[in-house]
Amino acid sequence: MGACLTSVPETVQSESRTGVTEDLGSQHRATVSGMRQVFRKQPENGTSVEGEGTIIECEVEALSGQVQWVRDGLLLGPGRTLPGFPRYSVTGNSLAGVFNLQIDNVQLGDDASYQCQVGQSELSPGIISRTAWLDVLSEYLIADLLLVKTVSYSAAVPPKIPIIQEVFIGTAPTWVAGEEYSLTCHVKDSKPAASIVFTKGGLELSRSETTVIPGSKPKLFSTVSVIRVTPGSSDHGKDLICAAWNPALSQPRTTAFRMNILYPPEMPKIEGLSQSQVKAGVALQLVCTSTGGNPLAMLQWLKGDVVLSKNWETDEATRSSRSLLTYMTKPQDDGMKLMCEALNQVTANPLRAVIILHVVYAPTRVTIFGKSRAAEGEVISLSCSTSSSNPPAHIRWWAAGKELNVTEVTYSRTSLGVSTISNVTVTTSRQDNGMIIVCEAVNEAVFMTRSASIVLKVNYPPERIWILGPPQSVRFQTGAQVTLSCFVSGGNPPARLTWKKGSKPVPRGVYKSTGKLASSELTITTVPSDNQVNYKCSAIAPIDMKMTSSVETVHQGETITLTCHIGSSNPVPQVAWIKDGVRLPAADVKIRDSDYGGQSVTAEMSLVAMSSDHGKRVLCEAYSPVLEEALNTFHQLDILHAPEFSPDQVGIVQAEEQGAVVIPIQITANPPEVTYTWSRNGQLLVKDGPTRHHLKADGSLEIWNLTRNDAGIYRIHLRNEEGENEMLIKLEVKYSPRISGITDPAEVDLGGSVELVCTADANPVTSHMVIWRWIGEGRKVTESDQVYLDSTTKLIIEAATQSDAGSYECLADNGIAPVTTARAQLIVRFKPKLQKGVHLSKEAVAGDGSSTATLICKAEGIPDVEFYWAKNGVALDPNNPRYLQTTLHEGPLHTGQLNIINASASLDYATFTCTAQNPLGLDTFDIHLVSTGRPDPPTGLALLRKTHNSVTLSWAAGFNGGLEQTFQIRYISERSLSYLYADVYPAQASSFTLTGLRPLTVYNVSVRAVNALGSSDYADSGIALSVTTSDTGVWDPFPTKARFIPEQIPGGFLIPLPLLIPLLILALLLLFGNIGIIVGLIHRVRQRGTGKDTEKSASLQRKELNDYTDELVNVTSRRTMLIETESELCSTTYESYDASTSHCEQAPDHRHRLRLADNLIPRMLPPQEPAHWAGRDIPNEAGYAMSVAQGIYPHVPQEVGLRDQEIYEDVNEQPDWWPRHPAGYLTSNQPRRASGPGMMVTGGFPGSAGAVYDDVCEAWGELV
């Protein structure tokens, strides 16, 4: 700090010499000699109210050094005015050693420590005052208990209303009970820092973490407090409050919100099942109720995994949910779980109430197994089996009204209940043939019975056989017909009768059967070979066949032997085996003598048991070629084997995301009771509780709400008593694309190449699934710009330009909705490019030492551009307080601003160089700081378009001279006597449309700029733009700037010689005639005396020089403006005269009238009708007034209509002397305008009655 007291910066000293900054104490040093400087008065602690002013005093005795003030250790600088601190100044008399620090409009940032320091000198060392503290009081409002607002001042600043960042305006967060949440309460701008307290339901919460950070203004602090809250269900509806307090408040300021706590409902309850058992077929009325929860519970009924009902109702008064289920019980429901699930948004797993149904029912069927036909004396076994029942049924056997003794009873539990099996044995006799055997099943729980019966058939041989025919003594001739009848009685079933002639069978006779008597009648036509031949009739019992197996149960891979038993038969039949439709000859056939003189046959076949043979039938066939009959029996293979998958089992299953899928399995197994276990990645899928994975009855796996994460390999494991098996099945989930990777942002240097890569995750991946497109207009992304690689597409941009920069969209579509998109930003990096132009190369400021000059430099560039400033080639110190440099970045546009504090003409009127630089390069531009003055001329005046009565012009504005500038257009036609002017509107526009022009007329047009200090030269070095309007009604969209000049015929004239001589003679006559008229007029003027000269002199005084052309402009005429509104509402058009044509001097009682200017007649022609009217005749009709004095001088229409809008001439002619009617003409000094159709138009040149002039004056303007 001592070093700061003993030196003064060079720039400050130079400014002191120019008078900008006074060297404090320099005026008093010379008067001090030999005394050490001391403080006469040192700064004192003080207070000030925000927004007011304050003074900190400092007085020095025997001053010989330089005085500076220090704020919080920062030197404010020497001098009475402190650059960079506009509200600070040093007041007092330097000779008296008074250097008080005055602070205007005190702010909170002024709350600081201050010191008055005096630098050392040759006579005295430097001294430092004691530190004085300035407390800035803040004004705020405090509501007292009576709600009356009072104003208080305090060094403490109250905090603003607390803001809970997680709470949006008008809404409150929704929390889940039991989970932890973080709340951040932010209290801004207080002094001292505010204390924050959280309360929940009136109870203070602890363990908050509080941080104090700087506020938005100096000396203010913001407090941020974070607390973690774990709400419970009891907190629902309570208020959570963040309260902020500091000494400036009598009551804390609070922000609160009402907590919305989500919590699960209570366990549901089921009512309506009063008994432990229920009969099948009964309709149950069950009610499920769940109370509590936010929101109230959703209820559904389930039976196993099957949803029975999803309907429920809620009652807000009791805060409960209720669901009614009507359920018809069925036998298979025994042991079934009926569940009521309750859940809401925060229930992790559904809450379940479960009842187990105990359904009692009788068996639905009774079946008798066993042989119903047996041989006499055979012992047969019969089994009676019931279907499932609950409780198990009791079985009784009946035959011929008597109960049979049961030999064995067994019970078998099935999936639906208990099955009862009862066995009984019966020894047959022929008396039992036709006896009915009954099996009766009784269920005591439901008091119902079921029964089944069979009819017993007992086989026994015939009792007697005989033949009736002619007696043996009868002789027959050859060819005679002889009838033989064979009868048999008894036997069951009735015997078959066969005939033999000798030992050879003969065709069977006519067979008849009545009751227990059967007969066969054989008719013979005798032949010689029948002589002495024996005909034999035989009664044969039907063939009895059966098949047996070597084992009761067979396992896969074991060998089984099947035996086919064929009872007594004659002749012996042929035996064959049939398996899978293939006939196999029997092997190991054994033939034995059997009953009734016949023979029995036994045949065996062995095979290896295969699982594929389970359930198949093996047939045994006995065929008698003699009888041409075949008998068959079969054995159905029952092969026990482990589960096996069908050849039709699928290995890949496809489904779409958000849907459901069933992964099917097709298996065979014996026994069929199989345990199915599904897993994926070693994790079991089907579990207790709510799950998306459901096991169906056939073992298939159903998955709900598929996601792409469900795709993969699923393992199904099967197990039964015979073994186990498993298989892997692949699940492919089709889903819409998701952008998994994108190049964003992408950067490329100007002219370089870049690749934008977009990758999508989708299934399936289709061709051209991912494409790029441009967001916006003006550019298209073509197929050739993209490279397609499965799920990735590259957009390749070569030779990048600035127009390539922007947003690109990657779109992915594989045919599954929705289509997904993502955007990438392409940034084209390029070196800075400054905005340049003549109008930007200058900046004006009054160099009075008190104004601030602002130089602005704008550049485009990426990456960010930094600006560096130099004055006359010397770099500016960025820490110099007089040169404040700021930079604003707005995308690719960057603005550098240099503020020159207290700009001085002698120091700062210079060339400032702005350098814009980024890592890719730099650009420079010179800005000249000059004094305010006239604007520079515009440049580039050009014609944009033209019509028959208008032209549209454009130009480039020049430097405005440091002041706001406007533009003025000057134009003149070949037939005009003077220039016309139009003020451009809007003022800053750089294009304008001139209207009211004549068709096919050449106009010379110029433009200049005007500001408060004067006008510029005309554009383009004063060279006017020549424009020719189009023909009437023709609009020329492509005007030609150059005028067309016909080509002259070589060696000749444009006008034929025979016409040239008469024209020359006529021109000479007109010339001499005009000379005569002019001489006459001069003679008349000279006769009017010298009084007119005085008036002309006065008139000349009303003329002035044009700023740049030195032409005389009639000031009065310039004020005669007629508003034009066809294209530019606020522009004005008026006429002036140049020196060669301005000869109209104003005189009293000049008569003025308006006439249509496009009908102007040259002065060399005689006037048309009426005699005193120099232009077009104005209609003598309503709205057009005549002069009161003469009745022949028409005025502008008094009641203006829209049809009167035209360009008019203000004609000032020489009248006769009419002193008695001065009021009959247009009123002097009135603007010529009409405010609307039907209104009066007034106005004219100033004048008074009594003078007559010879000349004619015109002013053109448009009447609107």
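As a reminder, the structure under discussion sits directly above these lines.
Our subject in this report is the structure included herewith. Remember, predicted model here, so these are calculated numbers, not experimental data.

**Looking at the sheet that holds strand β82 (residues 911-918)**
Strand order in the open sheet formed by five strands is β76-β83-β82-β78-β79, and the pairing between neighbours is mixed. The open sheet has two free edges, formed respectively by β76 (842-844) and β79 (874-875), since each of these has just one partner strand. With six bridges joining them, strand β78 (residues 866-871) and β82 adopt antiparallel strand pairing. Looking across to β82, one finds that A870 is bridged to T913.

**Remarks on the pairing of strand β71 (residues 770-774)**
Residues of β71 alternate between two faces, with V770, W772 and W774 buried on one and I771 and R773 left unburied on the opposite face. Here β71 pairs with strand β74 (residues 806-812) via five bridges, running antiparallel. Directly across from R773, in β74, lies its bridge partner E809.

**Remarks on the nonpolar core**
Ranked by size, the top nonpolar core spans 26 residues in total, and within it W69, Y88, L101 and Y114 carry the most contacts. Elements that contribute at least two residues to this core include exactly β5 (67-71), β7 (88-91), β8 (100-103), β9 (113-118) and β11 (132-143). Once residues within four sequence positions are removed from consideration, L101 is found in contact with T54, I55, I56, W69, L76, L82, Y88, S89 and Y114. Judged by nonpolar contacts, the second largest core, of 23 residues, contains A746, C758, Y808 and L826.

**Some words on unusual backbone geometry**
Looking along the chain, the bond that leaves N670 and enters P671 is cis, with omega of 10°. Here P671 shows up in the loop between β62 (667-670) and β63 (675-680). For the peptide bond that leads from A817 to P818, omega is 0°, which places it in the cis range. Relative to the elements of secondary structure, P818 occurs in the loop between β74 and β75 (820-834). Of note, Q532 is a non-glycine position whose phi angle comes to about 60°, a positive value. With respect to the helices and strands, the residue Q532 is situated in the loop between β48 (517-525) and β49 (535-540). A positive phi angle, close to 50°, is found at N705, a residue other than glycine. Inspection of the secondary structure assignment puts N705 in the loop between β66 (701-703) and β67 (712-720).

**Points about the packing of aromatic side chains**
All chains considered together, the criterion is met by seven aromatic pairs. Here W175 and Y181 contribute two aromatic rings whose centre-to-centre distance is 5.1 Å and whose plane-to-plane angle is 10°, an arrangement assigned as stacked. An angle of 85° between the planes, with centres 5.7 Å apart, marks the rings of W175 and F257 as edge-to-face. Of this pair, W175 sits in strand β14 (residues 174-176) while F257 sits in strand β21 (residues 253-258), and the two are 82 residues apart along the sequence.

What counts, and where the lines are drawn
Residues numbered from 1 in each chain as written. Predicted model: local features only at pLDDT ≥ 70, side-chain atom pairs only at ≥ 80, totals over all residues. Heavy atoms only, no water. Pairing = 2+ DSSP bridges. Helix = DSSP H or I, 4+ residues; strand = E, 2+ residues; numbered from the N terminus. Buried < 20%, exposed > 50% of the residue type's maximum accessible area, 1.4 Å probe, protein only. Core = buried A, V, L, I, M, F, W, Y, C linked by side-chain atoms within 4.5 Å. Contact = heavy atoms within 4.5 Å. Phe/Tyr/Trp six-rings, centres within 6.5 Å; stacked < 30°, edge-to-face > 60°.

By themselves, these observations are geometric and do not establish any function.
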